[in-house]
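# Structure at a glance
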Amino acid sequence: MLKEKAIIVTGAASGIGLEIARQCIQENAHVIACDRNREKLAEIKQSINSDALDVYTLDVTRYEEVASFFAWASERHPAINGLVNNAGIYLGKSILDYDADEIDQVINVNIKGFIYFSRLFGRMLLDQKRAGVIVNLSSVSGLEGSSDAVYGLSKAAAVGLTKSCAMNFAPYIRVNCVAPTLVDTSMMDKVPVWRKNEYREHELIKSPVLPVDVANTVVFLLSEKGRNYTGATFDLNNGCYLR
């Protein structure tokens, strides 16, 4: 499905990002996996052991590092045509318990990181009048609210960024969003038990959403099979919320 695609995946060292990278490679894409965890990226490079994978260590919150990455990527992979904004953090705290530095941390990773990558990816392709695709990872928390209000805010911002970039980057770049329910990753350990139960109670499909399920949706949107979608948000929530 992704033959002749070269795709950047942020937050690719673990969880959903790692599974997206794997699935993209299986579908014949070349993947540039970005993360700030150098050791995990090295382990992934060794375990996947494919010429279709490059890894790059950076902090998505530092604009200079992101700009340097795109300078490197445009020389190393001039045909890059896909971006998955996945890097994110979840502290699992009440807004009443956040301190100022923690608020900045969540906003910098979950919002500014998406903005920086979208801006530089968009500029690169639009200058060359090339077609491309962006997929942003939001969350059910961005649509329905979260017990962690700062996280919920950041994931709602991903939906707004998706719609605005779809308008700004048309007709060359399609921009879509995936908003999963609770996914079986280490991040879910921080979700309060009462909130997990509330989600599960309302799900119409009882099998859990796994990282591979999210990756399958992302691959579809990156592929030509999703060519008529832009500015859309895909609810991956087992029918928990019907809109």
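Shown above is the structure to which this text applies.
Below you will find a few notes about this structure. (Residues numbered from 1 in each chain as written. Predicted model: local features only at pLDDT ≥ 70, side-chain atom pairs only at ≥ 80, totals over all residues. Heavy atoms only, no water.)

Right, let's get into the environment of methionine 124. If you trace the backbone, methionine 124 turns up in helix H4 (residues 100–128). Judged by relative accessible area, methionine 124 falls into the buried class, the value being 11%. Between the C-alpha atoms of methionine 124 and threonine 230, which are 106 residues apart in sequence, the distance is 19 Å. Each residue touching methionine 124, except ones within four places of it in the same chain, is listed here: Phe70, Ser74, Ile80 and Arg130. (Helix = DSSP H or I, 4+ residues; strand = E, 2+ residues; numbered from the N terminus. Buried < 20%, exposed > 50% of the residue type's maximum accessible area, 1.4 Å probe, protein only. Contact = heavy atoms within 4.5 Å.)

The next point concerns the state of the cysteines. In this structure the tally under the stated criterion is zero disulfides. Free cysteine: cysteine 34, not disulfide-bonded; nearest cysteine sulfur from cysteine 24 at 13 Å. Free cysteine cysteine 177: the closest other cysteine sulfur is in cysteine 165, separated by 11 Å. (Disulfide = S-S within 2.5 Å.)

In this structure, Ile8, Phe69, Phe70, Ile80, Phe117 and Phe121 are the most contacted members of the largest nonpolar core, which totals 34 residues. Elements that contribute at least two residues to this core include exactly strand E1 (6–10), strand E2 (30–35), helix H3 (63–76), H4, helix H6 (149–169) and strand E6 (173–180). With nine residues, H4 is the single largest residue contributor to this core. Setting aside its immediate chain neighbours within four residues, phenylalanine 117 contacts Ile8, Thr10, Leu58, Val60, Val66, Phe69, Phe70, Leu83 and Asn85. Judged by nonpolar contacts, the second largest core, of 33 residues, contains Leu18, Ala33, Leu41 and Val214. (Core = buried A, V, L, I, M, F, W, Y, C linked by side-chain atoms within 4.5 Å.)

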